[in-house]
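If you want the building blocks of each chain, they are given just below.
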Amino acid sequence: MKEILKFDNIKAYWAETVTASPWVAVIRSLVRREARAMSAPIVQPASVAGRALTVVIAIMCFLACLTAGAVYIVNQSANDWFADIASEVTVQVIPVEAAEFEKKVTLVSLFLAKQAGIVKVSPLSAEESGELLKPWLGNSDALSALPVPRLIAVEIDRASPPDMSVVRRALESNFRDVTLDDHRRWQSELRTVTRSMALGGFAVLILVGAATVASIVSATKSAMASNREIIEVLHFVGARERFIAHEFEKHFLNIGVRAGLVGALGASVMFLLLPVVMRVLSGGGLAAAEFRQLVGSAVLDWQGYLLFGAVVVVVASLCMLTSRYGVYRILKSHD
Amino acid sequence: MIRFENVGLRYGLGPEVLRDVDFHLVRGSFHFLTGPSGAGKTSLLRLLLMSLRPSRGLIHLFGQNCADLPSPERADLRRRIGIVFQDFRLLDHLTTWENVALPLRVFGKSEASYSEDVTDLLKWVGLGDRMTAYPEVLSGGEKQRAAIARAVIGKPELLLADEPTGNVDPNMANRLLRLFIELNRLGTSVIIATHDFQLMDQCDAPRMVLNEGNLEVR
Ligand SMILES: Nc1ncnc2c1ncn2[C@@H]1O[C@H](COP(=O)(O)OP(=O)(O)O)[C@@H](O)[C@H]1O
Ligand SMILES: [Mg+2]
């Protein structure tokens, strides 16, 4: 037991498993210029196949980040939308006894304000209620003569929403000709739209992901084929499999991280420019507001950029693992 | 040091290239391995390097049965063997110096510890002024000597050379033979695969003759 806990053992474990990881080597080389040995690297740094791989990785990473970012934004704004709708209900008071009408609206409003989970109650005035009907009835005097129902906008606490059926029952037992509309139908429709949008986004993401995996694996494989000679010679002069695999993992992880970062950076620039482009396209003003409502703010938050980091890690790991597999496959025919 | 017992070899489902090969080589020996083209010389060297497994029979290298060894230990045994390939197999992206230093680098030694040895060896084989040249621009004879230097830099106990004089003129062939004899005097066992009778006549070493899959030591 004591043996295991010895500091030297921990240090050795650290040296063997952690610092020997190709990730550590590559990150170190990104952060600072290594004190370069006199000799060229064992794995050829810039072969034609290697350059082709770099281009493929950068492009696929760019596309994958664009897709991931777009799906993320669409999901995000759909959620915001949904939350906005869900946090509002409307109460409609139907004018039956004209004399007591104003008083009734006030009473209903006060009753609603007392209920738990309701943040704000704003009754619409007679004029405002009339305004809402104008598009249908036109600007006629008839409006003032008609018994226009009065609307009360109720904002509910998103953190602890009240049970709507309880509120409805309370309303109906205390008042007559008062109805509560919690936009349930509209909500369920919206939920369907949101869900199918998210599903469509994920489907696209999966397709792009599959294309990325396939093209990176095949480009890495062809880059490995040009390294067959190096692998065989290393093997014949007595290199262990692990040494050879490690050299190649380091090399291909390096390519993967660098090219992946270029692709992700390109996608980041696109997303940073997107709000500006949208403002230009929509020409500002009312149209812009409508446009924004449709696609959300189109601003990627930091979690979205974190997603890009994940894409780079996955792409670079893929590149590394494929090269490792390639090494062992070539060595198998020689041992 | 090396023992073959009833070794047979076939590639895939093809005919047996080697049949019942039996021999025993002691430390410090010097042998030619000969036979017509296609007789199996290269195949035999590959068996010695453990880059092929025999279809049957036993191979003992340095007192160990190769068949039982796990991969890392086979790699360690390979470090005690130097090989000169028929086609040199120098790495094109490394200089002559780096190619020769490769085995030591692979063994995990620091560049400072072997730098001088590599330079000295290159001078010894007459490549003192070609150290920074890439294999592309080396002549056949220069490549041959670079390949030999790479094979011996790790001070191997056994040196295998596959047709080391196939690409050079008789004069250079002579010099290379003298190089092998010198290494043998320093304690390395040497096996030279060749079908060059002129070369074999230059020195009085036993010949392992391969014929139709059978090996005979004369
Ligand atoms: N990798 C291989 N696959 C199938 N057959 C092979 C392979 N290498 C050699 N052979 C066959 O084995 C025989 C011996 O070849 P080799 O050992 O190269 O002879 P040598 O070196 O004496 O010319 C030849 O008939 C050759 O065609
Ligand atoms: Mg041959």
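See above for the structure.
Because the structure is predicted, anything quoted here is derived from the model rather than measured. (Residues numbered from 1 in each chain as written. Chains lettered and ligands numbered in written order. Predicted model: local features only at pLDDT ≥ 70, side-chain atom pairs only at ≥ 80, totals over all residues. Heavy atoms only, no water.)

1. Examining the site of ligand 1
All names here are of chain B.
1) Next: The environment of ligand 1 is made up of Y11, V17, P36, S37, G38, A39, G40, K41, T42 and S43.
2) Next: Between ligand 1 and G38 there is a distance of 2.7 Å, counted from an oxygen atom to a backbone nitrogen or oxygen.
3) Next: For the shell around ligand 1, the element with the highest residue contribution is helix α1 (residues 41-48), accounting for three residues.
4) Next: Its residues assigned to classes, the shell around ligand 1 shows four nonpolar, five polar and one charged. (Near = heavy atom within 4 Å. Polar contact = N/O pair within 3.5 Å; in protein donor to acceptor, adjacent residues only side chain to side chain. Helix = DSSP H or I, 4+ residues; strand = E, 2+ residues; numbered from the N terminus. Nonpolar A, V, L, I, M, F, W, Y, C, P; charged D, E, K, R; others polar.)

2. Comments concerning the pairing of strand β4 (residues 56-61) of chain B
Residue and element names in this part refer to chain B.
1) Next: In this sheet, β4 lies alongside strand β1 (residues 2-10) in antiparallel orientation, the contact comprising five bridges. Note on β4: the bridge partner recorded for I2 is L61.
2) Next: Of the pairings in the sheet, the one linking β4 to strand β5 (residues 64-65) comprises two bridges and is antiparallel in character. Each residue of the ladder has a partner; that of H60, found in β5, is N65.
3) Next: Counting the residues between successive antiparallel strands, the hairpin from β4 to β5 contains two residues, one of them, F62, with a positive phi of roughly 50°. (Pairing = 2+ DSSP bridges.)

3. Details of the packing of helix α3 (residues 96-106) of chain B against helix α5 (residues 140-152) of chain B
Residue and element names in this part refer to chain B.
1) Next: For the pair α3 and α5, the least separation of the axes is 7 Å and the interaxial angle reads 30°. In terms of orientation, α3 and α5 fall into the roughly parallel class. Of the two possible hands of crossing, α3 and α5 adopt the one that is right-handed. Across the interface between the two elements, T96, N99, V100 and P103 from α3 touch A146, A149 and R150 from α5.
2) Next: The residue inventory of the contact of α3 with α5, partitioned by class, reads four nonpolar, two polar and one charged. (Axes fitted to C-alpha atoms, helices over the stretch in contact; angles between N-to-C directions. Parallel < 35°, antiparallel > 145°, perpendicular 65-115°, else oblique. Left-handed = near helix turned anticlockwise from the far one by under 90°. Contact = heavy atoms within 4.5 Å.)

4. Details of the interface of chain A and chain B
1) Next: Facing 25 residues of chain A, the contacting portion of chain B comprises 28 residues.
2) Next: Here chain A and chain B share an interface that buries about 2300 Å² over both sides, 55% of which is from carbon and sulfur atoms.
3) Next: Connecting chain A to chain B are three salt bridges.
4) Next: Among the ionic pairs, E232 of chain A bridges to R89 of chain B, the shortest N-O distance being 2.3 Å.
5) Next: Counting across the chain A and chain B interface gives nine residue pairs in polar contact (both at pLDDT 80 or more).
6) Next: Of all the elements in the fold, those that place two or more residues in the side of chain A that touches chain B are α10 (228-236) and α11 (241-282) of chain A.
7) Next: No other element matches the seven residues that α10 of chain A contributes to the side of chain A that touches chain B. (Buried area = accessible area lost by both parts, 1.4 Å probe. Salt bridge = Lys/Arg side-chain N within 4 Å of Asp/Glu carboxyl O.)

5. Details of the packing of aromatic side chains
1) Next: As enumerated under the stated definition, the model contains eight aromatic pairs over all chains in all.
2) Next: Seen from their ring centres, F271 of chain A and F308 of chain A are 5.8 Å apart, and the 50° between their planes marks the pair as tilted. One end of the pair, F271 of chain A, is in helix α11; the other, F308 of chain A, is in helix α13 (residues 302-332), with 37 residues separating them in the sequence. Here F271 of chain A and F308 of chain A have matching classes, each one buried.
3) Next: By relative accessible area, which is 2% here, F308 of chain A ends up buried.
4) Next: Members of the aromatic cluster, joined through ring pairs, are F271, Y305 and F308 of chain A.
5) Next: In this structure, R80 of chain B is placed above the aromatic ring of F62 of chain B, and the distance from its NZ or CZ to the ring centre is 4.2 Å.
6) Next: In this arrangement the basic side chain of R89 of chain B is found over the ring face of F85 of chain B, its NZ or CZ atom lying 5.3 Å from the centre. (Phe/Tyr/Trp six-rings, centres within 6.5 Å; stacked < 30°, edge-to-face > 60°. Buried < 20%, exposed > 50% of the residue type's maximum accessible area, 1.4 Å probe, protein only. Lys NZ or Arg CZ within 6 Å of the ring centre and 35° of its normal.)

6. So, the pattern of salt bridges
1) Next: By the definition in use, this model includes 18 salt bridges over all chains.
2) Next: A salt bridge links E249 of chain A to R324 of chain A; its shortest N-O distance comes to 2.4 Å. One end of the pair, E249 of chain A, is in helix α11; the other, R324 of chain A, is in helix α13, with 75 residues separating them in the sequence.
3) Next: For E249 of chain A, a relative accessible area of 6% gives the class buried.
4) Next: A cluster of three or more residues bridged by salt bridges with shared partners is formed by R228, E229 and E232 of chain A together with R89 of chain B.

7. Observations regarding unusual backbone geometry
Comment: phi is negative for the bulk of residues other than glycine, and the bulk of peptide bonds are trans.
Residues and elements named next belong to chain B.
1) Next: One non-glycine residue with positive phi stands out, namely F62, at about 50°.
2) Next: Topologically, F62 is positioned in the loop between β4 and β5.
3) Next: With a phi close to 50°, K155 is a non-glycine residue in the positive phi region.
4) Next: Positionally, K155 belongs in the loop between α5 and β7 (158-162).

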